[in-house]
Amino acid sequence: MSARQRGTLCVFLAAVLYSIGGLCIKLIPWSGMAINGARTAIALVVIGLYLKLTDHRPKMNLWVLVGALAVCGTNILFSIANKLTTAGNAIVLQFTAPIFVILFSVLFFGKKPQKLDLTACGLVLGGVLLFFIDSLSAGGMLGNILALLSGISYAGVFMMNDMPDSDPISSVFWGDVISAVVGLPFLGYETEFSAHILAALLVLGVFQVAIAYILMVEGLKTTPPVTASLVSGIEPVLNPILVAVFYHEMIGPVALVGAMVVVGSVVLYNVMLARHTEPSETGGAL
């Protein structure tokens with residue numbers, strides 16, 4: 001297996017592990033902040049062991065901090081959003097991240113968007129609007145807004161490699177440190193600590209946060225951004241399926257159409273981009 005194939009496999013496995021987050025968060029009857037504090041505290045143990053085994057000391061500079069805040073924001077916003085809206089809404093709205101990657105590339109790196117970029121942005125924003133229309137009756141407006149904000153911070157996670165003086169694994173480490181410090185005090189408000197809750201937290205911390213982030217960081221070293229985006233498309237599909245099967249939660253019909261528009265637009269955008277652009281020139285795509 002080549003280095004590129006191994007990288008693609010790492011990205012795929014990371015996306016699969018990310019997808020279990022919605023179900024596990026739904027199964028824990030805690031606030032989103034408490035869940036995120038506990039899972040990132042557990043994740044820190046695993047990431048700390050990984051850093052020690054690879055003899056990698058966590059670095060800190062301005063851009064590592066920016067990446068850490070993106071990781072922290074993604075963790076917190078997604079956890080809270082899952083409690084305020086459906087898991088399907090949360091993950092698909094977070095999957096708008098590639099569009100924000102395009103916007104940030106324009107704003108901060110001066111990259112002029114192509115017609116394909118603008119078309120994709122328009123379609124995705126249209127899909128997002130369908131979520132908000134559906135949430136007016138479902139009562140999940142705040143959750144949808146937070147999920148969309150998590151898409152913005154998630155874009156920052158994918159751009160960590162492009163930041164000057166960046167060190168993505170250090171950003172992941174410090175992002176989890178901030179998440180744990182902010183979230184752990186909320187555990188004091190929780191009263192249920194059954195075995196299934198602790199098991200779900202262990203799965204979240206070890207697999208859905210720590211190992212998933214490690215795999216993604218390693219995979220993106222050799223996987224072209226377009227390929228990584230296509231492979232990661234399994235997450236917004238698998239996440240609501242798992243929740244529907246094991247938690248019996250369905251997203252509304254209008255939001256379902258929105259999900260198809262968002263996911264379909266991002267995947268189609270990357271397919272068309274791959275046909276017209278060499279992998280080495282697609283650094284602005286996710």
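Residues numbered from 1 in each chain as written. Predicted model: local features only at pLDDT ≥ 70, side-chain atom pairs only at ≥ 80, totals over all residues. Heavy atoms only, no water.

*Asks:* Got a minute to help me understand the overall build of the protein chain in this structure?
*Replies:* The secondary structure content of the protein chain amounts to 13 helices and zero strands. For a compact globule of 286 residues, the expected C-alpha radius of gyration is about 19 Å, and the protein chain comes in at 18 Å, within 12% of that figure. Along the first, second and third principal axes, the C-alpha set of the protein chain runs to 55 × 50 × 35 Å. Within the protein chain, buried positions represent 53% of all 286 residues. Sequence-distant contacts in the protein chain: of pairs separated by 6 or more residues, those separated by 24 or more amount to 89%. For the protein chain, the accessible surface area stands at approximately 12900 Å², while carbon and sulfur atoms represent 72% of it. In the protein chain, 13 side chains carry a positive charge and 14 a negative one; their mean positions are 5 Å apart. (Helix = DSSP H or I, 4+ residues; strand = E, 2+ residues; numbered from the N terminus. Rg over C-alpha atoms; globule rule 2.2 N^0.38 Å. Buried < 20%, exposed > 50% of the residue type's maximum accessible area, 1.4 Å probe, protein only. Contact = heavy atoms within 4.5 Å. Areas by Shrake-Rupley, 256 points an atom, 1.4 Å probe, with all protein chains shown as cover. Lys, Arg positive; Asp, Glu negative; His and termini not counted. Charge placed at Lys NZ, Arg CZ, Asp CG, Glu CD.)

*Asks:* Would you take a moment to explain helix H10 (residues 195-219) for this structure?
*Replies:* What sets the pattern is the α-helix's 3.6 residues per turn: residues three or four places apart point alike. In this model, H10 (25 residues) spans 33 Å end to end at C-alpha, consistent with the 36 Å of a helix rising 1.5 Å per residue. When the local axis directions of H10 are compared, the greatest deviation, roughly 30 degrees, occurs at Leu204. (Expected span 1.5 Å × (residues − 1). Bend = angle between axes of the 7 residues up to and from the residue.)

*Asks:* Would you mind going over the packing of aromatic side chains with me for this structure?
*Replies:* The description of an aromatic ring pair rests on the distance of the ring centres and on the angle between the ring planes. If you walk through the whole model with that rule in mind, you get six aromatic pairs. Between the aromatic rings of Phe100 and Phe104, the centroid separation amounts to 6.4 Å while the plane-to-plane angle is 35 degrees, which identifies the pairing as tilted. A residue pair is termed a helical-turn pair when its members lie 3 or 4 positions apart in one helix, as Phe100 and Phe104 do in helix H6 (residues 97-109) at four residues. No difference in accessibility class separates Phe100 from Phe104, as the two residues are buried. (Phe/Tyr/Trp six-rings, centres within 6.5 Å; stacked < 30°, edge-to-face > 60°.)

*Asks:* Please clarify how the packing of helix H1 (residues 3-18) against helix H12 (residues 234-247) should be interpreted in this entry.
*Replies:* Each packed pair of helices is defined by two parameters, the angle between the axes and the distance between the axes. Contact geometry for H1 and H12: axes closest at 8 Å, N-to-C directions at 30 degrees. Between H1 and H12, the crossing angle belongs to the class labelled roughly parallel. Once H1 is placed against H12, the crossing between them reads as right-handed. Taken together, the residues of H12 that come into contact with H1 (itself represented by Phe12, Ala15, Val16 and Tyr18) are Ile234, Glu235, Leu238 and Asn239. When its residues are assigned to classes, the contact of H1 with H12 shows six nonpolar, one polar and one charged. (Axes fitted to C-alpha atoms, helices over the stretch in contact; angles between N-to-C directions. Parallel < 35°, antiparallel > 145°, perpendicular 65-115°, else oblique. Left-handed = near helix turned anticlockwise from the far one by under 90°. Nonpolar A, V, L, I, M, F, W, Y, C, P; charged D, E, K, R; others polar.)

The analysis is restricted to geometry; functional conclusions fall outside its scope.
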